[in-house]
Amino acid sequence: MVARNNFSVLALVSVLFIFGCQSMRPTQQPNKPFTPQVVTSGTTTTTTTTTQPTTTGVSTPTIVTPQIITPQMTTSPVKGLPKFGIIFAAGGAKAWAHVGVLKEMQKFKFPVISVAGIEWGSVVAATFAQNASVNEVEWELAKFKDIDDWQDFVQAAFARKTTQDFKMPFVCPSLNLKTKVSYMLNRGQVDQFIPFCIPSAGIVKPYGNSVANLTDLNLTIQHLKATGVNKIILINVLGGKHETAIIKGLESAENQIWAQFAASIAKKNPGIDEVIDIDLGDYDIDDFDKRRDIMVKGSELGYSQVKRIADKYRL
């Protein structure tokens with residue numbers, strides 16, 4: 001009788017143990033397709049299109065999320081001073097002039113809390129956003145060697161760096177040529193998403209079917225304001241009159257695109273409070289071998305304009 005009871009107890013324990021082991025197995029959830037959020041005309045909508053590999057072998061990055069990042073400042077802006085946001089406009093090799101302008105702004109200690117960059121201006125903006133250091137921007141851009149190796153340069157400059165570690169918010173606009181959708185890229189691993197913001201006509205071929213968005217400045221303005229900016233400075237390195245071709249022949253398709261951009265950025269844009277025009281007429285946008293001279297020229301041409309803004313806001 002005792003043996004029979006012991007056998008019953010052992011059987012019951014075995015059943016409970018088997019049931020318990022089965023209940024501890026993790027349940028597998030089906031993978032949900034990525035649904036990118038798209039910013040159009042300043043509003044956020046959700047599409048149901050999943051990301052697909054492109055014909056070039058580059059996949060659209062899943063870190064494309066245009067949500068607004070709260071400014072991350074090491075110190076709060078001084079009360080009473082404006083909160084500046086800077087747009088580093090496109091210009092190919094002329095974007096190196098942005099560094100010279102930044103040097104002049106550093107002298108007056110502009111309280112910059114957020115930045116945006118278009119085309120090669122995005123590289124300047126992202127480098128500055130990391131530590132708000134002009135010296136670091138100059139140092140990193142000095143490592144650039146050749147336009148044919150631009151991807152290697154970008155990968156080295158932003159390897160293992162995420163926007164979450166930046167001292168201030170950063171964004172760059174990208175246009176997908178296949179879907180005709182504009183993206184404001186501002187989150188994730190920088191070396192993965194910034195290549196989508198750099199390509200432009202006649203300089204760099206599309207990356208993952210994407211190019212720099214040269215046409216819609218309003219999205220960039222709205223993004224900066226959403227991060228707390230109350231004064232926006234646009235640095236235009238295509239300033240001045242363009243009576244000759246900006247790139248290639250005057251009637252070339254590439255020049256038509258750049259001429260339209262130069263015209264659109266030269267006009268008064270609502271939301272832009274100050275404009276710094278850098279007339280680099282002696283240089284072409286593909287003069288990457290003259291980038292050091294362009295940087296110095298940016299400082300020379302930017303000084304008086306930067307000082308005017310600094311005096312206006314009593315910096």
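Here's what I pulled together on the structure shown here. Not measured: the values here are computed from a predicted model.

**Details of the overall build of the chain**
(1) Moving on: Across its full length, the chain carries nine helices and nine strands.
(2) Moving on: Put simply, the chain has 315 residues, and 48% of those count as buried.
(3) Moving on: Counted over contacts in the chain with a minimum sequence separation of 6, partners at least 24 positions apart contribute 78%.
(4) Moving on: Of the roughly 16400 Å² of accessible surface on the chain, 54% is carried by carbon and sulfur atoms.

**Side note on helix H8 (residues 253-266)**
(1) Moving on: Here H8 is 14 residues long and its end C-alpha atoms lie 20 Å apart, about the 20 Å a rise of 1.5 Å per residue gives.
(2) Moving on: Within H8 the residues assigned to the buried category are Asn255, Trp258, Phe261, Ala262 and Ile265. The arc enclosing the buried residues of H8, seen along the axis, measures out at 125°, which places them on a common side.

**Things to note about the pairing of strand S9 (residues 274-277)**
(1) Moving on: Of the two faces of S9, the one lined by Glu274 and Ile276 is fully buried and the one lined by Val275 and Asp277 carries no buried residue.
(2) Moving on: Note that strand S8 (residues 231-236) and S9 share four bridges and pair parallel. Paired with Leu234 across the strands is Val275, a residue of S9.

**Things to note about the pattern of salt bridges**
(1) Moving on: Evaluated as defined, the whole model comprises nine salt bridges.
(2) Moving on: Residues Asp311 and Lys307 are paired through a salt bridge, measuring 2.9 Å at the closest nitrogen-oxygen approach. Placement of both Asp311 and Lys307 in helix H9 (residues 291-312) is noted, with a separation of four residues, approximately one turn of the helix.
(3) Moving on: Overall, the relative accessible area of 44% leaves Asp311 in the partly exposed class.
(4) Moving on: Taking the relative accessible area as the measure of exposure, Lys307 reaches 31% and is therefore partly exposed.
(5) Moving on: Within the structure, one salt-bridge network assembled from shared partners comprises Lys103, Glu138 and Arg292.

**Description of the state of the cysteines**
(1) Moving on: Under the counting rule described, the total for this entry stands at one disulfide.
(2) Moving on: A sulfur-sulfur separation of 2.1 Å characterises the disulfide bridge that pairs Cys172 with Cys197. A torsion of 65° about the S-S bond marks the disulfide between Cys172 and Cys197 as right-handed. With Cys172 in strand S5 (residues 170-176) and Cys197 in the loop between helix H6 (190-193) and strand S7 (210-212), the pair connects residues that are 25 residues apart, well separated along the chain.
(3) Moving on: Since its relative accessible area comes to 0%, Cys172 is described here as buried.
(4) Moving on: Residue Cys197 is classed as buried on the basis of its relative accessible area of 0%.

**Brief notes about helix H4 (residues 134-141)**
Note: α-helices contain 3.6 residues per turn, so residues at a spacing of three or four share the same orientation.
(1) Moving on: H4 sits mainly inside the fold: six of its eight residues count as buried.
(2) Moving on: Here H4 has its buried residues at Val134, Glu136, Val137, Glu138, Glu140 and Leu141.
(3) Moving on: In the core, the buried residues of H4 are packed alongside helix H2 (97-107), helix H3 (121-131), helix H5 (150-158) and H9.

**Some points on the packing of aromatic side chains**
The way to describe two aromatic rings as a pair is by their centre distance and the angle between their planes.
(1) Moving on: All told, the structure shown has 15 aromatic pairs when counted by the stated rule.
(2) Moving on: Their ring planes at 35° and their centres at 6.4 Å tell us that Trp120 and Phe153 sit as a pair that is tilted. Here Phe153 lies in helix H5 and Trp120 lies in the loop between strand S4 (112-117) and H3, a separation of 33 residues in the sequence. The pair formed by Trp120 and Phe153 is uniform in burial state, with each residue classed as buried.
(3) Moving on: Aromatic side chains Trp258 and Phe261 sit 6.0 Å apart centroid to centroid with 85° between the ring planes, which places their arrangement in the edge-to-face category. Highlighted residues: Trp258 and Phe261, both in helix H8, separated by three residues, approximately one helical turn.
(4) Moving on: According to the relative accessible area criterion, Trp258 is buried, its value standing at 0%.
(5) Moving on: With a relative accessible area of 4%, Phe261 lands in the buried category.

**Examining the nonpolar core**
(1) Moving on: Formed by 88 residues in total, the largest nonpolar core has its most connected members in Ile87, Phe110, Val115, Trp120, Phe170 and Trp258.
(2) Moving on: Sort the elements by how many residues they give to this core and H3 lands first, with six residues.
(3) Moving on: Setting aside residues no more than four positions away along its own chain, Val115 makes contact with Ile86, Phe88, Ala125, Phe128, Ala129, Met168, Pro169, Phe170, Val171 and Leu224.

**Regarding the environment of Asn269**
(1) Moving on: With respect to the helices and strands, Asn269 occurs in the loop between H8 and S9.
(2) Moving on: Through-space distance from the C-alpha of Asn269 to that of Asn218 is 8.4 Å; in sequence the pair is 51 residues apart.
(3) Moving on: Sequence-distant contacts of Asn269, that is, excluding residues within four places in its chain, are made with Leu217 and Ser264.
(4) Moving on: Polar contacts involving the side chain of Asn269 include one to the main-chain carbonyl oxygen of Ser264, which spans 3.5 Å.

Definitions and cut-offs
- Residues numbered from 1 in each chain as written.
- Predicted model: local features only at pLDDT ≥ 70, side-chain atom pairs only at ≥ 80, totals over all residues.
- Heavy atoms only, no water.
- Helix = DSSP H or I, 4+ residues; strand = E, 2+ residues; numbered from the N terminus.
- Buried < 20%, exposed > 50% of the residue type's maximum accessible area, 1.4 Å probe, protein only.
- Contact = heavy atoms within 4.5 Å.
- Areas by Shrake-Rupley, 256 points an atom, 1.4 Å probe, with all protein chains shown as cover.
- Expected span 1.5 Å × (residues − 1).
- Arc of directions from axis to C-beta.
- Pairing = 2+ DSSP bridges.
- Salt bridge = Lys/Arg side-chain N within 4 Å of Asp/Glu carboxyl O.
- Disulfide = S-S within 2.5 Å.
- Phe/Tyr/Trp six-rings, centres within 6.5 Å; stacked < 30°, edge-to-face > 60°.
- Core = buried A, V, L, I, M, F, W, Y, C linked by side-chain atoms within 4.5 Å.
- Polar contact = N/O pair within 3.5 Å; in protein donor to acceptor, adjacent residues only side chain to side chain.

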